[in-house]
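Examining the three-dimensional arrangement
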Amino acid sequence: MVQPSSKLHKVALQRLEERGVTLEEIAELVFDLQKPYISDISMELCIENVRSVIKKREVQNTILTGIELDVLCEQGKLSSPLQEIIQEDEGLYGIDEILALSIVNVYGSIGFTNYGYLDKTKPKLIGKLDNHEDSNETHTFLDDIVGAIAAAAASRLAHDNPGISDIMK
């Protein structure tokens, strides 16, 4: 049975919250990405775009799938060698990035470049989630999902507001 979008949306937001991720922290990443291009950018505008991205079914499904895999790994419920690969966030695995790209794909090429930048530099919340040394939690998928949501929201913001970009003035 196909789940209603409202239920998926509610559960996706709940799972993010349970994992310590706030929409405001994702919006901070969006703000940092778009500040050089949009002179009158605000956190409220960034949060609005993050919310809009998360309303998409594809995004909700990605959030639920990625977090579930992270949680199952924490519980040791994955088969070897997948258990160890996800637990260590092995660099050559790449499936975590591929899953996250399903989010970015919804919003075009600007999202891809923003995602690549965030994945490489791991600023703020992404770096915190990526650091496996400070907790027993696994965020192999979640750090990439957060980066993808931020990149997609930044892309959405750029596409929805081309007239307010400093470049377009």
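Now for a description of the structure that goes with this document. The written sequence of each chain sets the order in which its residues are numbered from 1. The predicted nature of this model means local features are confined to residues of pLDDT at least 70 and side-chain atom pairs, given and counted, to a pLDDT of 80 or more, with totals for whole chains, interfaces and linings taken over all residues. Just so you know, side-chain values use all the structure's heavy atoms and leave hydrogens and water out.

**Quick notes on helix H1 (residues 5-18)**
Put simply, the rule reads: Numbering of helices and strands runs from the N terminus, with a helix taken as a DSSP run of H or I at least four residues long and a strand as a DSSP run of E at least two residues long. Here a helix's expected span is defined as the number of its residues, less one, multiplied by 1.5 Å. Categorising residues by exposure relies on relative accessible area from a 1.4 Å probe, with only protein chains included: less than 20% of the type maximum marks a residue as buried, more than 50% marks it as exposed, and the intermediate range marks it as partly exposed. The arc in question is formed by the directions pointing from the helix axis toward the C-beta atoms. Here, residues are in contact when the closest pair of their heavy atoms is within 4.5 Å.
Taking 1.5 Å of rise per residue, the 14 residues of H1 would be expected to cover 20 Å, and the 20 Å separating its terminal C-alpha atoms lies within 8% of that figure. Considered for burial, the residues of H1 that qualify are Leu8, Ala12 and Leu16. One face of H1 carries all of its buried residues, which in axial projection span an arc of 70 degrees. Along H1, exposed side chains directed more than 90 degrees from the buried face belong to Ser6, Lys10 and Glu17. Buried residues along H1 sit in contact with helix H3 (43-54), helix H4 (57-74) and helix H9 (142-160).

**As for the nonpolar core**
Generally speaking, a soluble globular protein has its nonpolar side chains buried in company with each other. Short version of the rule: Put simply, a nonpolar core is a bunch of buried Ala, Val, Leu, Ile, Met, Phe, Trp, Tyr and Cys residues held in one set by side-chain atoms that sit within 4.5 Å of each other.
One finds Val50, Ile63, Val146 and Ile149 to be the most contacted residues of the largest nonpolar core, which totals 47 residues. Not counting chain neighbours up to four residues away, the residues in contact with Ile149 comprise Ile26, Val50, Val53, Ile54, Val59, Ile63 and Ile103.

**Quick look at the pattern of salt bridges**
Rules: Think of a salt bridge as a Lys or Arg side-chain nitrogen and an Asp or Glu carboxyl oxygen that are within 4 Å of each other.
Following the criterion strictly, the structure yields five salt bridges and no others. Linking Lys124 and Glu28 is a salt bridge whose minimum nitrogen-to-oxygen distance equals 3.9 Å. Linking Lys124 in helix H8 (residues 124-130) with Glu28 in helix H2 (residues 23-34), this pair joins segments that are 96 residues apart in sequence. Overall, Lys124 belongs to the partly exposed group, its relative accessible area being 45%. Lys122 is the partner of Asp119 in a salt bridge, and the nearest nitrogen-oxygen pair spans 3.2 Å. With a relative accessible area of 21%, Asp119 lands in the partly exposed category. Overall, Lys122 belongs to the partly exposed group, its relative accessible area being 26%. Salt bridges linked by common partners bring Glu28, Asp32 and Lys124 together as one network.

**Description of the packing of H4 against H9**
For clarity, the cut-off: For helices, the axis comes from a line fit to the C-alpha atoms of the stretch in contact; other axes are also lines fit to C-alpha atoms, and the angle between any two N-to-C directions lies between 0 and 180 degrees. In what follows, roughly perpendicular refers to angles from 65 to 115 degrees, roughly parallel to angles under 35, roughly antiparallel to angles over 145, and oblique to any angle outside these ranges. Should the near helix be turned anticlockwise from the far one by less than a right angle, the crossing is termed left-handed; should it be turned clockwise, right-handed.
One way to put it is that H4 packs onto H9 with a least axis distance of 9 Å and a crossing angle of 160 degrees. Here H4 lies roughly antiparallel to H9, going by the angle between them. By crossing handedness, the relation of H4 to H9 is classed as left-handed. Where H4 abuts H9, its residues Val59, Thr62, Ile63, Gly66, Ile67 and Asp70 lie against Leu142, Ile145 and Ile149.

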